[in-house]
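Next come the chains, spelled out residue by residue.
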Amino acid sequence: MVRQHGIQSVWRMSMGLILGLWFGGCTPSAIDRPNSPDDDKPNIVSTSTMITDWTAQIGGDEIDLIGILKPGNDPHVYEPVPADTKTLEEADLILYNGYNLEPGLIRIMNATGVDAQKLAVGETVSPLQMQYEGQTVPDPHIWGNVENAIVMVETIRDALIERSPDDQAEFNQNADRLIADLEQLHTWIQQQTATIPTDRRKLVTTHDAFQYYANTYGLTVAGTLIGISTEEQPSAQTVQKLVNSIRGLKVPAIFAETTINPQLIKTVADEAGVNLASQELYSDSIGAPGSNGDTYIKMMVANTQAIVTNLGGQFTPFDATVEPQP
């Protein structure tokens, strides 16, 4: 499991077969479409919620799509259930992130009986490196850079065309539309983060998942709150160590994520004398349906708004229908 912090099992949810996730504001996403013997649509299985979102938008009604992870699930610590094994065994194509983001599911994918084509769409991008347990390993959180997301979308498009060449025109059209929105999103994030005063472009989060975002959009990952777990109360010594570290960084705000107990982070922020951003960041998963982060694009917009406003920048709403200013 690749994760550089002490956060352990979070949002461990028993879940059955996920027949569909409807992500608001986009084309049909993993709609309930039970497979039948005479259904000639390819059976596509995706792991992370970001990949499910992209695949649903590209594939539309021409694929049967099942996303295993639900919004809010942490892929690092997700424990597969028997229904997941059945889902993977019945797939024609499995799309997953790779770089050991989802170790439990990768273990099942590599087991005997899973004969589907397997594609690590994230591994089509050259990774940044991170330290984990004294080793240098690839950082799997590559979607933090929207340009990487575009590469992953292109990879998914090509895989779907290979699986169902008769639907190539639709897959290309859907992918082109999504890529155009992502290109605007990338430019828009650059514009937003550029408004943050230079001495405030420091990002302190509870999860080491924002290296790609920071490197791409002109920020520095000043620190992560390693040592805070969702399962147990941190010791007084751990809290004090984190407080002293944050004070030394002299940042105006710190950020929690949607899978961490905010009360623990609030305690550290209060004692350190810094603001805790009211909007938690989405890291390894998009938000629940109806939330402000229930698609990849909305997730990135919500994160950018939280980061920019809390670090002293000026936020302008994102509109994918408007050409971004150069």
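Here, every reference points to the structure presented above.
Residues numbered from 1 in each chain as written. Predicted model: local features only at pLDDT ≥ 70, side-chain atom pairs only at ≥ 80, totals over all residues. Heavy atoms only, no water.

**Q** Whenever I open this one, the overall build of the protein chain confuses me. Can you help?
**A** What the protein chain contains, in helices and strands, is nine helices and ten strands. Residues classed as buried in the protein chain amount to 54% of the 326 residues present. Per element, the accessible surface of the protein chain, about 13700 Å² overall, is 47% carbon and sulfur. (Helix = DSSP H or I, 4+ residues; strand = E, 2+ residues; numbered from the N terminus. Buried < 20%, exposed > 50% of the residue type's maximum accessible area, 1.4 Å probe, protein only. Areas by Shrake-Rupley, 256 points an atom, 1.4 Å probe, with all protein chains shown as cover.)

**Q** Looking at this model, I keep getting lost on the packing of aromatic side chains. Mind explaining?
**A** Each aromatic ring pair is described using two quantities: the centre-to-centre distance and the angle formed by the ring planes. Taken as a whole, this structure holds four aromatic pairs when the rule is applied. Here the aromatic residues Trp188, Phe315 and Phe318 are joined through ring pairs into a cluster of three or more. (Phe/Tyr/Trp six-rings, centres within 6.5 Å; stacked < 30°, edge-to-face > 60°.)

**Q** Hey, could you run me through the packing of helix H4 (residues 146-163) against helix H5 (residues 168-193) in this one?
**A** Each pair of packed helices can be summarised by the angle the axes make with each other and by the distance between the axes. Between H4 and H5, the shortest axis-to-axis distance is 9 Å and the interhelical angle comes to 175°. In terms of axis orientation, H4 runs roughly antiparallel to H5. Between H4 and H5, the residues in contact are Val146, Glu147, Ala149, Ile150, Val153, Glu154, Arg157, Leu160 and Ile161 and Gln168, Phe171, Asn172, Ala175, Leu178, Ile179, Leu182, Glu183, Leu185, His186 and Ile189, respectively. Of the residues that constitute the contact of H4 with H5, the class distribution is 13 nonpolar, three polar and four charged. (Axes fitted to C-alpha atoms, helices over the stretch in contact; angles between N-to-C directions. Parallel < 35°, antiparallel > 145°, perpendicular 65-115°, else oblique. Contact = heavy atoms within 4.5 Å. Nonpolar A, V, L, I, M, F, W, Y, C, P; charged D, E, K, R; others polar.)

**Q** It is not clear to me how the pairing of strand E4 (residues 117-120) should be interpreted in this structure. Could you clarify?
**A** Sheet faces and side chains relate simply in a regular strand, where the side chains alternate between the two faces. Bridge count between strand E3 (residues 93-96) and E4: four bridges; the pairing is parallel. What sits directly across from Tyr96, in E4, is Ala120. The parallel pair E3 and E4, bridged by helix H3 (residues 103-109), forms a crossover whose chirality is right-handed. (Pairing = 2+ DSSP bridges. Right-handed = clockwise from strand over helix to strand, strands pointing away.)

**Q** In this structure, what is going on with the nonpolar core? I would like to understand it.
**A** Generally speaking, soluble globular proteins have nonpolar side chains that are buried together. If you look at the biggest cluster of nonpolar residues, it comprises 57 residues, and the most contacted ones within it are Trp54, Leu182, Leu185, Tyr296 and Ile307. Of all the secondary structure elements, the ones that give two or more residues to this core are helix H1 (49-59), E3, H4, H5, helix H6 (211-216) and helix H9 (296-310). Other than its neighbours up to four places away in sequence, Leu185 contacts Val146, Tyr296, Ile297, Met300, Val301 and Phe318. The next biggest cluster of nonpolar side chains, apart from the first, holds 16 residues, and it includes Tyr78, Ile94, Tyr96 and Leu105. (Core = buried A, V, L, I, M, F, W, Y, C linked by side-chain atoms within 4.5 Å.)

**Q** Explain the pattern of salt bridges here, please?
**A** Side-chain pairs of opposite charge can arise where the charged atoms are in close proximity. If you walk through the whole model with that rule in mind, you get four salt bridges. Among the ionic pairs, Lys266 bridges to Asp270, the shortest N-O distance being 3.0 Å. Taken together, the residues span about one helical turn, with Lys266 and Asp270 both in helix H8 (residues 262-272) at a distance of four residues. When its relative accessible area of 38% is taken as the criterion, Lys266 is described as partly exposed. Accessibility expressed as a relative area gives 49% for Asp270, which makes it partly exposed. (Salt bridge = Lys/Arg side-chain N within 4 Å of Asp/Glu carboxyl O.)

**Q** Please explain the sheet that holds E3 as it appears in this structure.
**A** Pairing between sheet strands relies on hydrogen bonds along the backbone, with the strands arranged either parallel or antiparallel. Strand order in the open sheet formed by four strands is E2-E1-E3-E4, with parallel pairing between adjacent strands. Two strands close off the open sheet at either side, each with one partner strand: strand E2 (64-67) and E4. Pairwise comparison of adjacent strand axes, ignoring direction, gives a mean angle of 20° for this sheet. With three bridges connecting them, strand E1 (residues 43-46) and E3 associate as parallel partners. Considered in E3, the bridge of Val45 is made with Ile94. Along the sheet face, H4 touches E1, E3 and E4 and points at about 175° away from the line of E3.

**Q** Honestly, the packing of H1 against H5 in this entry has me stumped. Any pointers?
**A** Two elements in contact, H1 and H5, have axes whose closest approach is 7 Å; the angle formed by their N-to-C orientations is 130°. Considering the angle they form, H1 stands oblique to H5. Across the interface between the two elements, Trp54, Gln57, Ile58 and Gly59 from H1 touch Glu170, Phe171, Asn174, Ala175 and Leu178 from H5. For the contact of H1 with H5, a count of residues per class yields five nonpolar, three polar and one charged.

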